[in-house]
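One-letter residues, chain by chain:
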Amino acid sequence: MKPIDHLVTNLIGNSALSRQDFLQLTSRGLAIGALGSTLASCEKRPESANTAQSTAGTPGGPIPKLPATSPPADIPADSAKPIELEQIKAKTEQQEGPTPTPMAEDKRIGYALVGLGHLTLNQILPAFGLCTKSKVVALVSGSPEKMQKVATQYGIKKESCYSYADYDKLRDNKEVQAIYIVLPNGMHAEYTIRGAQAGKHILCEKPMANTAQECQAMIDACKKADRKLMIAYRIQYEPHNKMVREMVQKQQFGKVKNIIANNGQNSDNPKHWRFNKALAGGGALPDVGLYCLNTIRFVLGEEPSEVMAYVHSTPGDPRFKEVEEQVNWLMKFPSGVQASCATSYGHHDEKSYKVMADTGWIKMDPAFPYTGLQLETSRAEGTENQIIQHKIADKDHFTAEMDHFSECLLKNKVPFTPGEEGLQDQKIIEAIYQSAREGKPVKLPAVSKKDAFRGPEPTA
Ligand code: NAD
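Residues numbered from 1 in each chain as written. Predicted model: local features only at pLDDT ≥ 70, side-chain atom pairs only at ≥ 80, totals over all residues. Heavy atoms only, no water.

Across a sheet, paired strands are connected by hydrogen bonds in the backbone, their directions being either parallel or antiparallel. The strand order across the open sheet formed by nine strands is E14-E13-E12-E11-E7-E10-E9-E8-E15, and the pairing between neighbours is mixed. Two strands lie at the open edges of the sheet, namely strand E14 (384–390) and strand E15 (442–443), each paired on one side alone. Of the strand pairs in this sheet, strand E8 (residues 306–312) and E15 are connected by two bridges, and their pairing is antiparallel. Across the sheet, residue glutamate 306 finds its bridge partner in E15, namely lysine 443. Contacting strand E7 (256–266), strand E11 (346–357), strand E12 (360–364), strand E13 (375–381) and E14, helix H9 (residues 239–249) crosses the sheet at an angle of about 165° to E12. (Pairing = 2+ DSSP bridges. Helix = DSSP H or I, 4+ residues; strand = E, 2+ residues; numbered from the N terminus. Contact = heavy atoms within 4.5 Å. Axes fitted to C-alpha atoms, helices over the stretch in contact; angles between N-to-C directions.)

Written as structure tokens, this is what we have:
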């Protein structure tokens, strides 16, 4: 018998197909499906326990009917509540999170993305694939060819692609409820204000704008138009940094005394807008240094009362004709915490922070990239020093942040990181530059309320 004949004999086995039927179906590419349904109908045929026993495990024999052995899943009627699957891991093992609760496409918040650069193409657009409450429905770009390609890739309608000149026409697109602004920093204020005036809610990338005055104008315009405004501080929606905040606020290592933070990278291309003062607002500080500032404020839940700073740029480096290369600054907090931060566009990647408290330390290294964050803690236990690596499942930062904003729109809630949060960072950035210019500490207005500039804590 040739190997193919042997295979055919095994495949048709006890099924109702004749050898001739099988060969005819194969030539039409249908045999395997037909064989599958034949086998399925074999399952439904009543058979004696003896037959089941004698043919179980025989190739081509009927599939034995086995009793269900897992407890049934708990299926709540409310589609926003997760289905609870039966437990398959011991309680002492790391558990999975709740099952996703996606909303149907037509119920999700529709976003227009403005600016198709690195962040939009590499992070934000792919992140929509994991969203449960958000979808991308429109694009705004200065490059029609690029926009056409992206629209084809993500299934966006031709009539929902706009040039910058046509931006205000978003007003007439009923599928768009929110605009996500991913433009150079110096354009955030204008596009936020025009977007709100077009009746859309605004999610704006960090830094909020170039000046505190622009930030205030953005807040005022959104209030006037009765639209929500959120600044895209992805770190505040990300599980590792959220856990650090919880450890600090529950004083799991006692009182925090000292924090060191660094966010630096070696940036290239002096012609890029990041080296243009009008478009960037500043150099490393508002771009990457902002992560140190914003994350420390988030983790502590309090506001600095004083800053002291130094700025330096390598003389003659063509990148730093208009914006600074490096800033080092200290922040004093009313609780007594002192934070020492550094940022640079001129050294190799370093994105970390460490919180030193009475009875232990908490380290995030790396702390700010899009993936691969690592959280480690240390405390003494008798003669031992216990260092624990906390393995937390990654969650896409942009998915988490966009779905939070969508949740706020669906339930009419204030975003956790509203415009006021971005304005506060900008005021501190301005105090840091002032301190470096004047060579002395700069005091900031006292803020006694905890989480003074944030909305209610996200529920998921
Ligand atoms: P990018 O240069 O890659 O993209 C900017 C886009 O704006 C490009 O498509 C460009 O064509 C367009 N643009 C429109 N008008 C322009 C002009 N006059 N000059 C230059 N470009 C113009 O920048 P990016 O890295 O995508 O950053 C965009 C925004 O996102 C910035 O505000 C940045 O701070 C922020 N960002 C945030 C994160 C984060 O992790 N949250 C990361 C990177 C960037």
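Summed over all chains, the structure comprises one cavity of 30 Å³ or more. Here the largest cavity is characterised by a volume of approximately 70 Å³. In terms of lining residues, the largest cavity is bounded by Lys206, Ala232, Tyr233, Arg234, Ile235, Gln236, Leu290, Tyr291, Asn294 and Thr295. Split into classes, the residues belonging to the lining of the largest cavity amount to five nonpolar, three polar and two charged. (1 Å grid on protein atoms, 1.4 Å probe; cavity = no way out; pocket = protein on both sides within 12 Å on 5 of 7 lines; lining within 4 Å. Points joined across faces, edges and corners; volume = space filled by probe spheres on them. Nonpolar A, V, L, I, M, F, W, Y, C, P; charged D, E, K, R; others polar.)

Reported here for the second largest pocket is a volume of approximately 1000 Å³. Surrounding the second largest pocket, 38 residues form its lining, His118, Leu119, Trp273, Arg274 and Tyr370 being those nearest its centre. Counting residues per element, the ones that place at least two in the lining of the second largest pocket are helix H5 (118–128), E7 and helix H11 (284–300).

All right, on to the confidence of the model for the protein chain then. Per-chain confidence: the protein chain averages 89 in pLDDT, with 87% of residues scoring 70 or above. Residue range residues 1–57 is modelled with pLDDT below 50. Its contacts to residues more than four positions away, or to other chains, number 39 contacts. (pLDDT = per-residue confidence, 0-100.)

The local shell around the ligand holds 24 residues, among which His118, Asn185, Arg234, Trp273 and Tyr291 are the closest. In this structure, leucine 116 approaches the ligand through a main-chain N or O atom, which is 3.4 Å from an oxygen atom. Leucine 183 has a polar backbone atom sitting 3.1 Å from an oxygen atom of the ligand. When contributions to the shell around the ligand are tallied by element, the ones reaching two or more residues are H5 and H11. Class assignment of the residues belonging to the shell around the ligand gives a composition of 13 nonpolar, five polar and six charged. (Near = heavy atom within 4 Å. Polar contact = N/O pair within 3.5 Å; in protein donor to acceptor, adjacent residues only side chain to side chain.)

For the pair helix H7 (residues 188–197) and helix H8 (residues 212–224), the least separation of the axes is 9 Å and the interaxial angle reads 10°. The angle between the axes of H7 and H8 places the two elements in the roughly parallel class. Contacts from His188, Ala189, Thr192, Ile193 and Ala196 in H7 reach Glu214, Ala217, Met218, Ala221 and Cys222 in H8. Classifying every residue of the contact of H7 with H8 by side-chain character gives seven nonpolar, two polar and one charged. (Parallel < 35°, antiparallel > 145°, perpendicular 65-115°, else oblique.)

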